[in-house]
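Architecture at a glance
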Amino acid sequence: MQLDKQNSRTVQVLGIDAGGTMTDTFFVDSDGEFVVGKAQSTPENEALGLIESSREGLGQWGMTLDEAVSTIQTGVYSGTAMLNRVVQRKGLRTGLIVNAGMEDFHRMGRAIQAYLGFAYEDRIHLNTHYFDDPLVPRHLTRGVMERVDMFGKVVIPLREEMARTAARELIEQDVEGIVISLLHSYKNPAHERRVRDIVQEEVDRSGKSIPVFASTDYYPVRKETHRTNTTILEAFAAEPSRKTLQKISGSFKEHGSKFDMRVMATHGGTISWKAKELARTIVSGPIGGVIGAKYLGEVLGYKNIACSDIGGTSFDVALITQGELSIRNDPDMARLVLSLPLVAMDSVGSGAGSYIRLDPYTKAIKLGPDSAGYRVGVCWAESGVETVTISDCHVILGYLNPDNFLGGQVKLDRERAWNAMKEQVADPLGLTVEEAAAGVIELLDSELRDYVRSMISSKGYSPSSFTCFSYGGAGPVHTYGYTEGLGFEDVIVPAWAAGFSAFGCAAADFEYRYDKSLDINLPQEAADTHKQEQVAQLNDAWQELAHRVLEEFALNGYSADQVTLQPGFRMQYRGQLNDLEIESPIDTAVTAGDWDSLVEAFNDTYGRVYAASARSPELGYSVTGAIMRGTVPIPKPKIPFEEEGGETPPEEAKLGTRKFYRHGKWVDAQLYQMETLRPGNRIKGPAIIESDATTFVVPGGFETYLDGHRLFHLKEI
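Just so you know, these numbers come straight off a predicted model, no measurement behind them.

1. Quick notes on the overall build of the protein
For the protein, the helix and strand inventory stands at 17 helices and 35 strands. For the protein, the C-alpha radius of gyration of 27 Å lies close to 27 Å, the compact-globule estimate for 717 residues. Counting the 717 residues in the protein, one finds 57% classified as buried. Long-range pairs, those at least 24 residues apart, make up 69% of the contacts in the protein between residues at least 6 apart in sequence. Here the protein has roughly 28,500 Å² of accessible surface; of this, 48% comes from carbon and sulfur atoms. In the protein, 72 side chains carry a positive charge and 98 a negative one; their mean positions are 3 Å apart.

Take a look at the structure:
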């Protein structure tokens, strides 16, 4: 972060987090030093906000965009555009071919989709349930006669003429993509691949350009609704997102870049925007923050980390235990069940842009889940927002400097926020404006605190075993509120918290991952010959998946000898419902001894995740899936390290004072410039530490200490 070497600086890595409110960029030079840029997001054309954010960040190094991008080797994007497209059901016109008689299963959504995302009280009442519009409407769904049973045996041969008729009818309806998903095709893909070939023949004959997606080529896993939804995403949402990414990549090439953009994937690695399975990037922004926390933990020795990210639209929490992430194989997003390996995270629709409303009957305060997004709130006169938001409360209570939002790029109006809060919340509740705004903040902090506590305790842990990392543009504003009283071992706010997800993107390896469902069952005392027969299935699956991984890397110019392959598997005790993802201790599995090595790795992991006494091997073991990861390492940002000095902040870091409202009274909070503070400095609240990208609030009863890695440690006193 030095400013005296700009003439010789070589920028190598770019990380991007295009959120619903802000677009963050994170640049890393050849020495591992980095800088963060920030600008408002531009949903209509993401490239505009991204270029502006890049210029703002590079300006801190005294560099222009054209000077910097020509030497960048790696650019990684994360964002929410694809997820938003799915939520709003604004994708491509897609056709679907399934088994005859199964034409309605997609819109039925396994019934669970009728109440996904609901609070408990709404889940248990049928009259609150509803079905969203299916991604593929019923009139664009066709059935073909065939049947493969659950063991992969052909019960009814494929009626090829029905497949041709289905293809022709969908082509005549001007679909922009055709998806094929047949029952149990993950066990025997022959029929599905034949239908794929027939459809492609008919598309070629029509003279149109319509991509064809067979589930077995993308997600050969069990659970037909999950698998079908995920394959549909490839046609419905991933293809338009590919065009967006191509436009972003093209915008940088106009400034002289030579790199191809990569995208943060749900499993925590990055893949090319040209990758076949682009639906794996449906949720990428929050994943970046978790990868950044994991990288920091690896470098600095933090094993158990509670990751917490507050942006403009949501609050995201994930746990890292013993340095490892948890992966979900069948998550739900946008009220759809999916078959994607996803870093286990929990999210609530509460962020700095969340709208504040009163229930018309009970007068109870309701926060979100909708949000003003990049428009901030009523406090921004040009926003067009009329409903007050959390950000309006921040301005009213003195948390934010109205003249320094985004370094002064956006000017906020406290009086507008005050008047709107008075009319919409304070007067109806018989409170002063300050009391109403403070009550909203306390309510939000209480909800987030309960959410963090329940997430950790529900997994059998205590907050005292974890270090909490707080980041995101609004994270440092609320850190004290949602961590107070939980008893974390430590609470850390990185100085680059506002760009932390982009930092995680810059720290992520280039990685492809493929999964395949398996059904391998062995009793505890199986004979060696039986072990050898069964483990061969796993080895065959690894080889198949490795071939697919290497194919993807070859498309990006990497040969097999440049790729590190890491096999994995999912295993559970027979009779139990949930499996665990295990990194294989061996590269190939062919002997009975290899099977024993896999079982030992599973038992060790199970005992660590749950408890050694919870192990239950009596009925034997089931392997439910094979996994193959391929990785190419990239240059990573260097964690700052500076010598620590005295506890007293330098005078030049002080920016005066500002009135700050908390616990029913106004106090004078000492203001500090974040970038000017030195390692070793200790600050007691009430204080506000400002930077152009975020604001760190340290109220009375708290103090913070800045270490040599430019990490702020917050504790109660």
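Here the narrative resumes, following the displayed structure.
2. Concerning helix H6 (residues 160-172)
For H6, with 13 residues, the first-to-last C-alpha span of 19 Å sits near the 18 Å given by 1.5 Å per residue. For H6, the set of buried residues is Ala163, Arg164, Ala166, Ala167, Leu170 and Ile171. For H6, the angular spread of the buried residues around the axis is 165 degrees, confining them to a single face. Here the buried face of H6 lies against strand S5 (94-99), strand S6 (141-144), strand S9 (177-180) and helix H7 (190-206). Downstream of H6 by one or two residues, Asp174 has phi in the positive range, about 60 degrees.

3. Notes on the UniProt feature "domain: Acetophenone carboxylase-like C-terminal" (unreviewed entry) in the protein
Within this structure's numbering, the places UniProt gives as "domain: Acetophenone carboxylase-like C-terminal" (unreviewed entry) are residues 526-716. Between the first and last C-alpha atoms of residues 526-716 the distance is 56 Å; the span itself is 24% helix and 35% strand.

4. Structural notes on the pattern of salt bridges
Here the structure, examined in full by the defined rule, presents 47 salt bridges. A salt bridge links Glu703 to Lys715; the shortest N-O distance between them is 3.7 Å. Taken together, the residues span a long stretch of sequence, with Glu703 in strand S34 (residues 702-706) and Lys715 in strand S35 (residues 711-716) at a distance of twelve residues. The exposure class assigned to Glu703 is buried, which follows from its relative accessible area of 6%. Relative accessible area serves as the criterion here: at 45%, Lys715 is assigned to the partly exposed category. Beyond isolated ion pairs, a larger network of salt bridges with shared partners links Glu160, Glu161, Arg164, Arg168, Arg194, Glu201, Glu202 and Arg205.

5. Topic: the side chain of Thr23
Looking at the secondary structure, you find Thr23 in strand S2 (residues 22-29). A residue is classified by how much of its surface remains accessible, and Thr23, at 2% relative accessible area, is buried. Not counting chain neighbours up to four residues away, the residues in contact with Thr23 comprise Asp17, Ala18, Gly37, Lys38, Ala39, Gln40, Ser41, Gly49, Leu50 and Ser53.

6. Concerning the sheet that holds strand S33 (residues 695-698)
The four strands are arranged S29-S30-S32-S33 in an open sheet whose pairing can be described as mixed. Where the open sheet ends on each side, the last strands, each with one partner, are strand S29 (654-662) and S33. Between one strand axis and the next, the sheet turns by 25 degrees as a mean value, whatever way the strands run. Pairing between strand S30 (residues 665-673) and strand S32 (residues 687-690): four bridges, direction parallel. Residue pairing in the sheet places Gln673 in a bridge with Glu690 of S32. Packed onto the sheet, helix H14 (residues 475-483) meets S29 and S33 and runs at close to 25 degrees relative to S33.

7. With respect to the confidence of the model for the protein
Low-pLDDT stretches of the model should not have their predicted coordinates read in fine detail. Counting all residues, the mean pLDDT for the protein is 90, and 98% of those residues have values of 70 or more. pLDDT under 50 marks residues 1-6. Its contacts with residues more than four places away, or in other chains, come to 16 contacts.

8. Topic: the packing of aromatic side chains
As enumerated under the stated definition, the model contains 30 aromatic pairs in all. Between Phe510 and Phe553 the ring centres are 5.2 Å apart and the planes differ by 70 degrees, which places this aromatic pair in the edge-to-face class. Of this pair, Phe510 sits in strand S25 (residues 510-522) while Phe553 is found in helix H16 (residues 528-555), placing the two residues 43 residues apart along the sequence. Here Phe510 and Phe553 have matching classes, each one buried. Cluster of aromatic residues (ring-pair linked, three or more members): Phe26, Phe34, Tyr295, Tyr471, Trp496, Phe500 and Phe503. Looking at Arg9, its charged tip hangs above the ring of Trp61, at a distance of 4.0 Å from the centre. In this structure, Arg335 is placed above the aromatic ring of Tyr130, and the distance from its NZ or CZ to the ring centre is 4.2 Å.

9. So, the domain arrangement of the protein
On domain assignment, one finds that the protein holds domain 1 (90-233), domain 2 (354-442), domain 3 (513-537 + 558-632) and domain 4 (641-716). Each of domain 1 and domain 3 has a C-alpha centre, and these two points are 30 Å apart. Of the residues lining the interface, five residues belong to domain 1; the matching set on domain 3 comes to six residues. Carbon and sulfur atoms make up 35% of the surface buried where domain 1 meets domain 3, a total of about 520 Å² over both sides. At the surface where domain 1 touches domain 3, the tally comes to two salt bridges. In this structure, the salt-bridge partner of Lys187 is Asp519, at a minimum N-O distance of 3.5 Å. Taken together, the connections running from domain 1 to domain 3 amount to six residue pairs in polar contact (both at pLDDT 80 or more). The residue makeup of the side of domain 1 that touches domain 3, split by class, is three nonpolar, no polar and two charged.

10. Regarding the side chain of Thr228
Checked against the element boundaries, Thr228 lands in helix H9 (residues 224-253). Polar contacts involving the side chain of Thr228 include one to the side chain of Ser181, which spans 2.7 Å. Once residues lying within four places of it in the same chain are set aside, the contact partners of Thr228 are Leu96, Phe105 and Ser181.

11. Quick word on helix H10 (residues 285-300)
Every α-helical turn comprises 3.6 residues, leaving residues that sit three or four positions apart pointing alike. If you check H10, its first and last C-alpha atoms are 23 Å apart, about what 16 residues at 1.5 Å a residue would give, namely 22 Å. Across the 16 residues that make up H10, a large majority, twelve, are buried. Looking one or two places after H10, you find Gly301, whose phi comes out positive at around 90 degrees.

12. Describing unusual backbone geometry
Glycine aside, residues mostly have negative phi, and peptide bonds are mostly found in the trans state. A cis amide bond, omega 10 degrees, links Gly685 with the succeeding residue Pro686. Here Pro686 shows up in the loop between strand S31 (682-684) and S32. Phi is positive for Ala111, which is not a glycine, with a value near 70 degrees. Residue placement: Ala111 occurs in the loop between helix H4 (105-108) and helix H5 (120-123). Ala111 sits in the partly exposed class, given a relative accessible area of 45%. One non-glycine residue with positive phi stands out, namely Gln322, at about 50 degrees. Within the secondary structure layout, Gln322 lies in the loop between strand S14 (315-321) and strand S15 (324-325). Take Gln322: its relative accessible area is 42%, and that puts it in the partly exposed class.

Rules and cut-offs
Residues numbered from 1 in each chain as written. Predicted model: local features only at pLDDT ≥ 70, side-chain atom pairs only at ≥ 80, totals over all residues. Heavy atoms only, no water. Helix = DSSP H or I, 4+ residues; strand = E, 2+ residues; numbered from the N terminus. Rg over C-alpha atoms; globule rule 2.2 N^0.38 Å. Buried < 20%, exposed > 50% of the residue type's maximum accessible area, 1.4 Å probe, protein only. Contact = heavy atoms within 4.5 Å. Areas by Shrake-Rupley, 256 points an atom, 1.4 Å probe, with all protein chains shown as cover. Lys, Arg positive; Asp, Glu negative; His and termini not counted. Charge placed at Lys NZ, Arg CZ, Asp CG, Glu CD. Expected span 1.5 Å × (residues − 1). Arc of directions from axis to C-beta. UniProt positions renumbered as here; feature names shortened; annotations may be inferred. Salt bridge = Lys/Arg side-chain N within 4 Å of Asp/Glu carboxyl O. Pairing = 2+ DSSP bridges. Axes fitted to C-alpha atoms, helices over the stretch in contact; angles between N-to-C directions. pLDDT = per-residue confidence, 0-100. Phe/Tyr/Trp six-rings, centres within 6.5 Å; stacked < 30°, edge-to-face > 60°. Lys NZ or Arg CZ within 6 Å of the ring centre and 35° of its normal. Domains from an automatic or database assignment. Buried area = accessible area lost by both parts, 1.4 Å probe. Polar contact = N/O pair within 3.5 Å; in protein donor to acceptor, adjacent residues only side chain to side chain. Nonpolar A, V, L, I, M, F, W, Y, C, P; charged D, E, K, R; others polar.

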